[in-house]
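# Working through the structure, step by step
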Amino acid sequence: GEDVEQSLFLSVREGDSSVINCTYTDSSSTYLYWYKQEPGAGLQLLTYIFSNMDMKQDQRLTVLLNKKDKHLSLRIADTQTGDSAIYFCAESTPNAGKSTFGDGTTLTVKP
Amino acid sequence: GAVVSQHPSRVICKSGTSVKIECRSLDFQATTMFWYRQFPKQSLMLMATSNEGSKATYEQGVEKDKFLINHASLTLSTLTVTSAHPEDSSFYICSARPLALVRNEQFFGPGTRLTVL
């Protein structure tokens, strides 16, 4: 079945850039998403990218997609302490009816 | 827009009792809602897909008689944990997919922390 993998932890210093990586196996994935979860809360959709795109930028967030390698990354520029959270990568296909989530990457931002 | 609520946010119950969790899409209609369980090591486990007006589709290994799902309207789905036991203690999160499907994304509720004593 479909599988989405992420590294579990990332630690950066405030002001640095963070890069969170994700790989997926389903070559028919059409939509890829990044969600953010703060402690004790639900998931918040941060950004998404269509599979026919290579890059998407939204303020401090840059998503890069390498469809050939099935690799997705989320870059957060000028990382702040408020960015500390768990980041989930997810993929879906139009007819799947559901999304497949990675296990989440815990980002810790040190002052 | 695209707000999903869950009620209650926290519940503590005795072993053997049943607990109902509500998931509502507040400003949109959702034909499909999803129920997840999140374990302490952070991974999300999809329990079931709830479709309005029809039976829920459960993932492998999830007991449908224990986790009863009802999706009676386009804005409400409920999860009832029947005869709860301490091992059912977890963080339960629902999500909803808008009827006017654009990008297949899901909007998540804030979660319900269930503690079974």
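Everything discussed here concerns the structure shown above.
Just so it is clear, the model here is predicted, and its values are computed rather than measured.

### Quick notes on the environment of Ser-11 of chain A
Turning to its location among the elements, Ser-11 of chain A is positioned in strand β2 (residues 9-13). As a C-alpha pair, Ser-11 of chain A and Thr-106 of chain A span 95 residues in sequence and 8.2 Å in three-dimensional space.

### Some words on the pattern of salt bridges
Residues and elements named next belong to chain A. Overall, the coordinates contain six salt bridges over all chains when judged by the stated rule. When the shortest N-O distance is used, the salt bridge between Arg-60 and Asp-83 registers 2.9 Å. Residue Arg-60 is located in the loop between β6 (55-58) and β7 (61-66), and its partner Asp-83 is located in the loop between β8 (71-76) and β9 (85-92); the two are separated by 23 residues in the primary sequence. With relative accessibility at 7%, the residue Asp-83 sits in the buried group.

### Comments concerning the interface of chain A and chain B
Contact residues are listed per partner, giving 25 residues for chain A and 19 residues for chain B. Across the chain A/chain B interface, buried area totals approximately 1,700 Å², and carbon plus sulfur atoms make up 52% of it. One can count one salt bridge joining chain A with chain B. Residue Lys-98 of chain A pairs with Glu-59 of chain B through a salt bridge whose shortest N-O separation is 3.0 Å. Counting across the chain A and chain B interface gives five residue pairs in polar contact (both at pLDDT 80 or more). For the side of chain A that touches chain B, the elements supplying multiple residues, two or more each, are β4 (31-37), β5 (43-50), β9, β10 (99-101) and β11 (105-110) of chain A.

### Section: the packing of aromatic side chains
By the definition in use, this model includes 12 aromatic pairs over all chains. For the pair Phe-101 of chain A and Tyr-36 of chain B, a centre-to-centre distance of 5.6 Å together with 80° between the ring planes defines the contact as edge-to-face. Taken as a pair, Phe-101 of chain A in strand β10 and Tyr-36 of chain B in strand β4 (residues 30-38) lie in two separate chains rather than in one. Aromatic pair Tyr-36 of chain B and Phe-108 of chain B: ring centres 5.6 Å apart, planes at 40°, arrangement tilted. Taken together, the residues Tyr-36 of chain B in strand β4 and Phe-108 of chain B in strand β10 (residues 107-108) connect sequence positions 72 residues apart.

### Re the sheet that holds strand β7 (residues 67-73) of chain B
Residues and elements named next belong to chain B. Here we have four strands laid out as an open sheet, ordered β1-β3-β8-β7, and antiparallel in their pairing. The open sheet has two edge strands with one neighbour each: β1 (4-7) and β7. Adjacent strand axes in the sheet meet at a mean angle of 15°, parallel and antiparallel pairs treated alike. In terms of strand pairing, strand β3 (residues 19-25) meets strand β8 (residues 76-81) through six bridges, oriented antiparallel. Bridge pairing in β8 links Val-19 to Val-81.

### Focus on the pairing of β9 of chain A
Residue and element names in this part refer to chain A. The element β9 is extensively covered by neighbouring structure, given that eight of its eight residues are classed as buried. Residues of β9 alternate between two faces, with Ala-85, Tyr-87, Cys-89 and Glu-91 on one and Ile-86, Phe-88, Ala-90 and Ser-92 on the opposite face, all of them buried. The sheet contact formed by β9 and β11 spans three bridges and is antiparallel. The partner of Ile-86 across the bridge, within β11, is Thr-106. With three bridges joining them, β9 and β10 adopt antiparallel strand pairing. Within β10, the position partnered with Ser-92 by the bridge is Ser-99.

### Some words on the nonpolar core
The biggest cluster of nonpolar side chains holds 25 residues, and the ones touching the most others in it are Val-4, Trp-35, Phe-67, Leu-79, Tyr-92 and Leu-114 of chain B. Broken down by secondary-structure element, the contributors of at least two residues to this core are β2 (10-13), β3, β4, β5 (44-51), β7, β8, β9 (90-98) and β11 (112-116) of chain B. When residues no more than four places from it in sequence are discounted, the contact partners of Val-4 of chain B are Cys-23, Arg-24, Ser-25, Phe-28, Cys-94, Ala-96, Phe-107, Phe-108, Gly-109 and Pro-110 of chain B. In this structure, Val-12, Leu-61, Ala-85 and Tyr-87 of chain A belong to the second largest nonpolar core, which totals 19 residues.

### Here we look at the side chain of Thr-32 of chain B
All names here are of chain B. As for its placement among the helices and strands, Thr-32 is situated in strand β4. By relative accessible area, Thr-32 is classed as buried at 11%. Polar side-chain contacts of Thr-32 include one of 3.2 Å to the side chain of Asn-51.

Thresholds, definitions, all that
- Residues numbered from 1 in each chain as written.
- Chains lettered and ligands numbered in written order.
- Predicted model: local features only at pLDDT ≥ 70, side-chain atom pairs only at ≥ 80, totals over all residues.
- Heavy atoms only, no water.
- Helix = DSSP H or I, 4+ residues; strand = E, 2+ residues; numbered from the N terminus.
- Salt bridge = Lys/Arg side-chain N within 4 Å of Asp/Glu carboxyl O.
- Buried < 20%, exposed > 50% of the residue type's maximum accessible area, 1.4 Å probe, protein only.
- Contact = heavy atoms within 4.5 Å.
- Buried area = accessible area lost by both parts, 1.4 Å probe.
- Polar contact = N/O pair within 3.5 Å; in protein donor to acceptor, adjacent residues only side chain to side chain.
- Phe/Tyr/Trp six-rings, centres within 6.5 Å; stacked < 30°, edge-to-face > 60°.
- Pairing = 2+ DSSP bridges.
- Axes fitted to C-alpha atoms, helices over the stretch in contact; angles between N-to-C directions.
- Core = buried A, V, L, I, M, F, W, Y, C linked by side-chain atoms within 4.5 Å.

So far we have only geometry, and geometry alone does not tell us how the molecule works.
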